[in-house]
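So the chains spell out like this:
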Amino acid sequence: MRTRLPSGLTVITEENHAAPVAALQVWVKVGSADERPDEAGLAHLHEHMLFKGTPRRAPGQIAREIEGAGGEINAWTSFDQTVYHVVVASRFLEQGLDVLGDALTSASFDPDELAREIEVVCEEIKRSEDSPSRKLSKALFAAAFQKHPYGRPVIGTEQSVRSFRRDGILQFYRRHYRADNCTLVAVGDFEPARVVALAEKLFRFAAAPALLPEVRQGEPPRAGPQARLLRSDVREGYLTLAWPAPSLADPDAPAMDALSIVLGHGEASRLYRALKRDRLLCTEAHASCYTPNDPGLTLVGLTLQPKTLREAVAEALRQTYRLRSEEVSEEELLLACSLLESDAVYQRETVQGQARKLGSFETGAGGLEFEEEYFRRVAALTPQKLRAVAERRIDPRQVVLAALLPEGQDGIDVDVLQKLLTDAAEAERNRPRAPRSPAQAAAPRVSVRVAGSGKTSPIVREVLPNGAVLIVKEERAVPLLAMRAVWPGGQRAEDESSAGINTLLSRLATTATARRTAEQIAREMEAMGGGCSGNSGRNSFGLRAELLSKHLANGLSLFHELLAAPAFDAQEVARETELQKQELATRDDDPSGVAFQLFQETLYQRHPYRLDVLGNAGSLAAVTGERLAAYRARHYPPAGAVLSVVGDVDPAEVRERVLALFNSTPTQGGPAERPSPAPEPRVTAPRRAVRRLEKAQAHLVLGFPGLRLDDDKRFALEVLSAVLSGQGGRLFVELRDKKSLAYTVTSFSIEGVDPGYFAVYIACSPHKLREAAAGIRAELDQLRQAAPTAVELDRARTHLVGTHAIGLQRNGARAAVYAFDECYGLGVDASARYPERIAAVGAEEVLACARTILDANQEVVALVAPAAVEL
């Protein structure tokens with residue numbers, strides 16, 4: 001429902017009583033593309049500053065209030081909008097709206113807070129310099145949009161951000177933060193009339209003169225293909241091809257979305273098959289269509305080694321230009337439309353997902369009615385229409401290529417890249433054209449049911465005759481279902497000689513069965529509006545699938561086949577092993593990941609938790625299909641599985657179908673072999689490890705031995721971590737808000753079947769490292785000295801309980817939690833008991849936990865930093 005208030009504020013409301021939560025978002029129609037030349041990054045800075053205090057709320061209080069209401073608060077800035085979002089327990093609806101209204105209409109822009117937050121944004125800019133994907137994206141958009149403001153980075157530059165002064169910031173704020181330029185979107189467990197009344201009361205924008213629209217400069221057509229090359233200290237190459245694309249509201253947008261799915265979405269796509277599955281020219285290949293308010297980009301992304309770049313780019317261009325010269329198959333189009341339509345259903349699983357969709361349509365596509373029009377256009381698509389749109393929209397003369405490659409002599413320069421583009425353009429001009437089919441009506445397609453009945457029922461648990469455990473939970477809010485199969489194992493079952501085998505098994509889990517190939521599996525799952533994959537963690541191995549509930553019978557049958565009849569084709573094994581080796585070799589491109597692996601290797605000296613989940617050169621060299629098959633049969637037989645099914649299902653029907661499927665499976669080798677690793681020796685003195693990487697930031701993990709999943713003290717440790725973390729926690733307030741030491745700082749407790757760890761992570765400029773480490777230790781010492789205050793304790797407990805409920809909105813999340821809790825011996829109802837366990841934690845328990853866990857003599861430090869940096 002849309003309501004226009006007398007002030008000019010638009011309010012969008014949608015009831016959703018599936019969970020006792022509410023998503024509140026304010027969409028401000030101003031982004032980086034609305035900035036003037038001297039304002040680069042100013043829209044993004046406002047995203048930070050609106051949480052930094054008002055006359056009614058001191059710095060930090062905004063986040064503390066929302067987290068104390070069991071919620072989450074954050075914001076993002078795009079080219080076209082700045083969005084402030086809150087998710088709260090629905091009983092705190094008024095408080096959430098009050099906080100958002102106060103922040104949006106009464107920001108203080110305190111000069112001291114502004115100076116500190118500018119420093120934080122500069123840390124965020126440095127953080128992006130350590131991300132290959134962000135560096136590449138910045139270069140690509142600068143090349144693709146040389147006139148249009150989409151070519152400027154949303155975050156700005158360190159130089160532009162440091163140049164901002166309060167007067168200019170306030171001018172921007174008064175110009176854009178006004179009632180008629182904002183849309184409040186609320187989705188969740190409430191009465192719409194109450195939201196509208198509260199919005200009128202709490203969102204009191206200052207009066208402002210009419211906002212004169214500023215016309216953005218359009219991007220003129222390019223004279224020809226263009227290439228850009230960057231060199232950096234990376235271990236792998238990153239490359240993106242781009243063509244001009246329509247805007248979100250353009251009639252061609254649905255066709256381009258469908259073409260992108262055919263080209264590069266999932267394992268059944270053309271790019272995946274041609275570049276990864278068949279020839280291993282790259283480790284990743286995907287396509288998408290970015291459609292913002294103004295014309296955007298059609299994107300093809302590749303991750304590869306420089307030695308395969310020429311062949312990979314040539315093949316990617318060939319596959320893309322095929323869309324112009326021949327029609328896609330009816331099957332490809334049907335799969336694409338099924339995925340587009342099912343995506344609308346998946347968005348409805350969470351209140352925040354639905355709110356984001358509504359806000360995007362209202363502020364970027366002309367209104368809420370856009371969704372209905374969009375799917376009318378999807379339903380009208382034909383292979384002939386897709387080809388016609390591809391001929392107009394995928395112009396070889398307009399292609400831009402941006403590449404980020406390792407430093408070194410690989411024979412690749414801009415001229416090489418440019419020639420690849422021009423050669424492909426010439427080949428496209430000379431390519432024989434398939435005859436055009438006669439125009440025809442769109443094939444009839446079944447529309448996806450969006451809303452469910454809302455019915456729910458208690459968890460059903462049953463031990464099957466073969467020993468497997470079945471868990472079923474009826475949740476009919478949306479017509480979806482999720483399935484999980486879980487076994488004890490994972491990293492905990494490995495040693496040096498088998499390290500990485502579980503990750504490899506998870507990669508191979510959906511590549512073949514005795515009856516189906518990987519492509520058949522992918523296509524069947526996509527036809528059911530879903531997908532499936534394997535997963536491996538520290539303590540378990542499993543399979544997962546999600547699909548539209550109307551396909552329950554076929555989905556269960558295929559899932560059981562993946563579970564009971566995996567095949568280990570030699571070609572599939574060789575390819576996935578090689579991909580895992582390449583991922584291991586390129587790990588240094590993710591310095592935070594390197595820091596955590598270094599921490600685990602330093603904390604654990606005997607236990608398998610020390611091993612790299614990707615394995616090592618020796619363990620991967622020993623892989624064979626026969627060894628993988630024997631390992632999986634021994635550790636993960638069907639009889640040892642915990643199977644959970646959650647969603648729009650009838651528990652009795654699920655039980656009947658599962659019994660029939662499992663009864664058709666002979667017992668394979670008896671019960672699962674359970675891992676029993678040797679216990680880790682106690683840490684008796686501080687440990688430290690340093691890895692030198694020349695990155696823009698230093699990455700520090702400082703932690704201690706932790707607890708088991710079945711240890712009752714873990715609830716006190718979670719509360720302790722919540723006192724420290726979150727935007728209202730001590731670490732964020734002291735190290736980020738007050739001292740501007742970092743953009744990213746947090747704490748967390750990782751429990752396992754065997755003892756896990758508690759750790760604090762921070763990424764900061766190298767020259768701030770010593771102060772940051774000292775600040776972390778000071779906060780930990782305070783926790784050892786005194787119990788948290790009553791206010792802190794209440795915020796931490798309420799925040800944990802609230803985010804627990806928010807995190808369980810999706811069927812997949814519930815299916816996973818039920819399966820893992822049963823697998824680890826915690827009981828299928830452990831998640832239901834979580835709120836009372838957290839609520840029962842007292843201040844003295846937190847203090848006792850701090851004194852036990854945060855033992856300075858057991859401190860373990862892992863640092864990834866440039867050579868000149870020391871703690």
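Structure first, text after, so check above.
Residues numbered from 1 in each chain as written. Predicted model: local features only at pLDDT ≥ 70, side-chain atom pairs only at ≥ 80, totals over all residues. Heavy atoms only, no water.

Our focus in this paragraph is the pattern of salt bridges. For the structure shown, the criterion picks out 83 salt bridges. Lys-201 is the partner of Glu-94 in a salt bridge, and the nearest nitrogen-oxygen pair spans 3.4 Å. Here Glu-94 is found in helix H3 (residues 93-105), whereas its partner Lys-201 is found in helix H8 (residues 192-202), with 107 residues between them in sequence. The class of Lys-201 is partly exposed, set by a relative accessible area of 47%. If you follow the salt bridges from partner to partner, you end up with Lys-52, Glu-113, Arg-116, Glu-117, Arg-736 and Asp-737 in one network. (Salt bridge = Lys/Arg side-chain N within 4 Å of Asp/Glu carboxyl O. Helix = DSSP H or I, 4+ residues; strand = E, 2+ residues; numbered from the N terminus. Buried < 20%, exposed > 50% of the residue type's maximum accessible area, 1.4 Å probe, protein only.)

The five strands lie next to each other as S7-S11-S8-S10-S9, forming an open sheet whose pairing is mixed. Of all strands in the sheet, those with a lone pairing partner are strand S7 (226-232) and strand S9 (284-290), marking the two edges. For this sheet, the mean inter-axis angle between neighbouring strands, taken without regard to orientation, is 15°. As paired elements, strand S8 (residues 237-244) and strand S10 (residues 297-304) share eight bridges and run antiparallel to each other. Residue pairing in the sheet places Gly-237 in a bridge with Leu-304 of S10. Against the sheet, helix H9 (residues 253-264) engages S9 and S10, with an angle of about 180° to S9. (Pairing = 2+ DSSP bridges. Axes fitted to C-alpha atoms, helices over the stretch in contact; angles between N-to-C directions. Contact = heavy atoms within 4.5 Å.)

Any two aromatic rings considered together are summarised by their centre-to-centre distance and by the angle between their planes. Applying the stated criterion across every chain yields a total of 25 aromatic pairs. A network of ring pairs unites the aromatic residues Phe-51, Tyr-84, Phe-109, Tyr-173 and Tyr-177 as a single cluster. One Lys or Arg, Arg-356, reaches over the ring of Trp-76 and ends 4.0 Å from the middle of that ring. Cation over ring: Arg-538 sits above Tyr-609, and NZ or CZ is 3.9 Å from the ring centre. (Phe/Tyr/Trp six-rings, centres within 6.5 Å; stacked < 30°, edge-to-face > 60°. Lys NZ or Arg CZ within 6 Å of the ring centre and 35° of its normal.)

Let us now look at the side chain of His-699. Here His-699 is to be found in strand S19 (residues 698-705). For His-699, the side chain forms a polar contact with the side chain of Asp-130, separated by 3.5 Å. Each residue touching His-699, except ones within four places of it in the same chain, is listed here: Asp-130, Pro-591, Ser-592, Ala-595, Tyr-761, Ile-762, Ala-763, Ala-862, Leu-863 and Val-864. (Polar contact = N/O pair within 3.5 Å; in protein donor to acceptor, adjacent residues only side chain to side chain.)

In contact at an axis separation of 11 Å, helix H1 (residues 42-49) and helix H7 (residues 166-176) are set at 90° when each is read in the N-to-C sense. With respect to their mutual orientation, H1 and H7 come out roughly perpendicular. Facing Leu-42, Ala-43, Leu-45 and His-46 of H1, the residues of H7 in contact are Gly-168, Ile-169, Phe-172 and Tyr-173. Residues belonging to the contact of H1 with H7 are distributed by class as follows: six nonpolar, two polar and no charged. (Parallel < 35°, antiparallel > 145°, perpendicular 65-115°, else oblique. Nonpolar A, V, L, I, M, F, W, Y, C, P; charged D, E, K, R; others polar.)

Within the open sheet, the six strands sit side by side as S12-S13-S17-S14-S16-S15. Their pairing is mixed. At either margin of the open sheet sits one strand with a lone partner, and together these are strand S12 (460-463) and strand S15 (531-536). On average, adjacent strands in this sheet sit at an angle of 15° to one another, irrespective of strand direction. Bridge count between strand S14 (residues 480-488) and strand S16 (residues 540-548): nine bridges; the pairing is antiparallel. The partner of Pro-488 across the bridge, within S16, is Ser-540. Contacts between helix H29 (residues 811-823) and the sheet are confined to S12, strand S13 (469-474), S14, S15, S16 and strand S17 (642-647), with S14 contributing the most and set at about 25° to the helix.

Side chains on a regular strand alternate between the two faces of the sheet. Most of strand S11 (residues 400-406) is tucked away: seven of the seven residues are buried. Pairing of S7 with S11, which is carried by seven bridges, proceeds in the parallel orientation. The partner of Gln-226 across the bridge, within S11, is Val-400. Of the strand pairs in this sheet, S8 and S11 are connected by five bridges, and their pairing is antiparallel. Note that in S11 the partner of Thr-240 across the bridge is Ala-402.

Take the nonpolar core next. For soluble globular proteins, the rule of thumb is that nonpolar side chains tend to be buried together. Counting 58 residues, the largest nonpolar core has Leu-45, Tyr-84, Leu-97 and Phe-203 as its most contacted members. Here the element with the most residues in this core is H3; it accounts for six residues. If you look at the next biggest cluster of nonpolar residues, it comprises 56 residues, including Leu-239, Ala-245, Cys-289 and Ile-412. (Core = buried A, V, L, I, M, F, W, Y, C linked by side-chain atoms within 4.5 Å.)

Two elements, strand S4 (residues 72-77) and strand S5 (residues 82-89), share six bridges in a ladder whose sense is antiparallel. In the sheet register, Ile-73 faces S5, and the bridge partner there is Val-86. Connecting S4 to the antiparallel partner S5 that follows it, the hairpin turn spans four residues.

Time to look at the environment of Gly-366. One can find Gly-366 in the loop between helix H13 (351-364) and helix H14 (370-379). Its relative accessible area of 75% is what places Gly-366 among the exposed residues. Measuring from C-alpha to C-alpha, the distance between Gly-366 and Ala-249 comes to 7.4 Å, with 117 residues separating the pair along the chain.

Tracing the sequence through the fold places Val-262 in helix H9. For Val-262, a relative accessible area of 6% translates into the label buried. Expressed as a C-alpha distance, the spacing of Val-262 and Phe-164, which sit 98 residues apart in the sequence, is 45 Å. Residues in contact with Val-262, not counting those within four places in the same chain, are Ser-269, Arg-270, Val-328, Glu-332 and Ala-336.

We note that Leu-280 has phi near 50°; this positive angle belongs to a residue other than glycine. Look at Leu-280 and you get partly exposed, because its relative accessible area is 23%. Look at Ser-740: it is not a glycine, yet its phi comes out positive at around 55°. Checked against the element boundaries, Ser-740 lands in the loop between helix H26 (730-738) and strand S20 (744-750). Accessibility expressed as a relative area gives 3% for Ser-740, which makes it buried.

The next point concerns helix H21 (residues 591-603). Over its 13 residues, H21 runs 18 Å from end to end, which matches the ideal 18 Å to within 8%, given 1.5 Å per residue. Counting buried positions along H21 yields eleven of 13 residues, so the element is predominantly enclosed. All of the buried residues in H21 are Pro-591, Gly-593, Val-594, Ala-595, Phe-596, Gln-597, Leu-598, Phe-599, Gln-600, Thr-602 and Leu-603. Packed against the buried residues of H21 are strand S18 (687-692), S19, S20, strand S21 (757-764) and strand S22 (860-865). (Expected span 1.5 Å × (residues − 1).)

Running from amino to carboxyl end, H1 crosses helix H4 (residues 111-129) at an angle of 120°, the nearest separation of the two axes being 10 Å. The chirality of how H1 crosses H4 is right-handed. Along its contact with H1, which presents His-44, Leu-45, His-48 and Met-49, the element H4 presents Glu-113, Leu-114, Glu-117, Ile-118, Val-120, Val-121 and Glu-124. Counted by class, the contact of H1 with H4 contains six nonpolar, two polar and three charged residues. (Left-handed = near helix turned anticlockwise from the far one by under 90°.)

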